[in-house]
Amino acid sequence: MRVGCVIVSYDVPEIISRAVNSIKGHVDEVIVIDNSSPRNPAYREADTLGVTVLHTGRNIGHGPGMDMGINKLNTEFVIVMDSDTVVKDPSIIDDMKKLMGDGVYGAGRVIQRMGVDYLHPYIAMIRKEYYLRHKPFINHGAPCCEAMADIKDKLKVIGIDMGKVWHEHRRTRERKRI
């Protein structure tokens, strides 16, 4: 079972290396989609990390970036991961693999959004074959909404405990509520 990872990055030189280094030794292939402008200091940061980097030269958005990376990977399964996510315990990859049976589109954090089970893309594993048969990830905010609506009642998404990863935006929101 070959697993690749797509990380979409936009002007985050201080965190992209954290994300990439937390996963690159635990998957078969990593692609960073760098949406930074060539004039931005972040533009070449990912090039130093020993993974494939595709520079878009402009911000094409999170969903289109994930779609680009998914289409470029040569793996059966794909982990989509935000640049502000860190894998603290790589056994989460095995946890997700075990859930990827027939009829399972993906595994990760599942929330209800717009009446469907929404697979949150801050870190999730999807079966590439199923992804390519349905609507692609689009937009920036909630990039998977149309894809999740398209697979509703056709394929499953399975929620798992996200305690083995650290997601900066989520942690920031939690701190603000305290």
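The structure presented is a predicted model; accordingly, all values stated were derived computationally and were not measured.

> Quick rundown of the nonpolar core? Include the residues and the values.
Grouped burial of nonpolar side chains is what soluble globular proteins tend to show. Within the largest apolar cluster, 32 residues are counted, with the highest numbers of intra-cluster contacts made by I7, I23, I79, M81 and I123. For this core, the secondary-structure elements that each account for two or more residues are β1 (3-9), α1 (13-23), β2 (29-34), β4 (77-82), α3 (91-99), β6 (104-113) and β7 (116-127). Per-element accounting of this core gives the leading share, five residues, to α1. Not counting the four nearest positions on each side in its chain, I79 is found in contact with V3, G4, C5, V6, I23, V27, I93, M96, I123, A124 and M125. Listed in part, the 26 residues of the second largest apolar core include V6, I31, Y105 and Y118.

> Break down the sheet that holds β7 for me, citing the residues and quoting the values.
Read across the open sheet, the seven strands follow the order β3-β2-β1-β4-β7-β6-β8; overall the sheet is mixed. Whereas interior strands pair on both sides, the edge strands pair on one side only; in this sheet they are β3 (52-55) and β8 (156-159). With strand direction ignored, the average angle separating the axes of adjacent strands in the sheet is 45°. Contacts from α1 reach β1, β2 and β4, with the element oriented near 175° to β1. Helix-sheet contacts for α3 involve β1, β4, β6, β7 and β8, and the interaxial angle to β7 is about 125°.

Scoring rules and cut-offs
Residues numbered from 1 in each chain as written. Predicted model: local features only at pLDDT ≥ 70, side-chain atom pairs only at ≥ 80, totals over all residues. Heavy atoms only, no water. Core = buried A, V, L, I, M, F, W, Y, C linked by side-chain atoms within 4.5 Å. Buried < 20%, exposed > 50% of the residue type's maximum accessible area, 1.4 Å probe, protein only. Helix = DSSP H or I, 4+ residues; strand = E, 2+ residues; numbered from the N terminus. Contact = heavy atoms within 4.5 Å. Pairing = 2+ DSSP bridges. Axes fitted to C-alpha atoms, helices over the stretch in contact; angles between N-to-C directions.

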